[in-house]
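Observations on chain architecture
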Amino acid sequence: MEFGFDFGANAPTGVFALHAAVAAFFLYLGAVNAAAGESLGLALNGLIGLMLVAAGVVVARITERRV
């Protein structure tokens, strides 16, 4: 699958990895909320996590063009 940037030891991959790490934290919070029976917390934190991954892809593509 083509994301618009090359994976490897470069700036775009670092930008994406940073966004993915923060997204993983929000997905973890969503899992904690799901374990507590709070479906709204699961939905909101899951949505934040997915938007961070999408933003990471977009920012990595922009960084790829500028580097």
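Below, the structure is looked at part by part.

Parameters and conventions
- Residues numbered from 1 in each chain as written.
- Predicted model: local features only at pLDDT ≥ 70, side-chain atom pairs only at ≥ 80, totals over all residues.
- Heavy atoms only, no water.
- Helix = DSSP H or I, 4+ residues; strand = E, 2+ residues; numbered from the N terminus.
- Expected span 1.5 Å × (residues − 1).
- Buried < 20%, exposed > 50% of the residue type's maximum accessible area, 1.4 Å probe, protein only.
- Contact = heavy atoms within 4.5 Å.
- Polar contact = N/O pair within 3.5 Å; in protein donor to acceptor, adjacent residues only side chain to side chain.

Think of an α-helix as 3.6 residues a turn; residues three or four steps apart then line up on the same face. For helix H1 (residues 11–35), spanning 25 residues, the distance from its first C-alpha to its last is 36 Å, which sits close to the expected 36 Å at 1.5 Å a residue. Considered for burial, the residues of H1 that qualify are Pro12, Thr13, Phe16, His19, Ala23, Gly30 and Asn33. As for H1, its buried residues are in contact with helix H2 (39–66). Immediately beyond the C-terminal end of H1, within one or two residues, lies Gly37, with a positive phi of roughly 85°.

In this fold, Ala17 is placed in helix H1. Spatially, the C-alpha atom of Ala17 lies 9.4 Å from that of Ala60, the residues being 43 residues apart in sequence.

Glancing now at H2. Between its first and last C-alpha atoms H2 spans 41 Å; for 28 residues at 1.5 Å apiece the expected length is 40 Å, and the two agree. Those residues of H2 lying buried are Gly41, Asn45, Gly46, Gly49, Gly56, Val57, Ala60 and Thr63. Where the residues of H2 are buried, they touch H1.

Secondary-structure assignment places Thr63 in helix H2. Non-local contacts of Thr63, meaning those with residues more than four positions away in its chain, are made with Ala11, Pro12 and Val15.

It is worth spelling out the side chain of Thr13 at this point. If you trace the backbone, Thr13 turns up in helix H1. Exposure remark for Thr13: the relative accessible area of 15% places this residue in the buried category. Polar contacts involving the side chain of Thr13 include one to the side chain of Asn10, which spans 2.7 Å. Excluding residues within four positions of it along the chain, Thr13 makes contact with Phe5, Asp6, Phe7 and Gly8.

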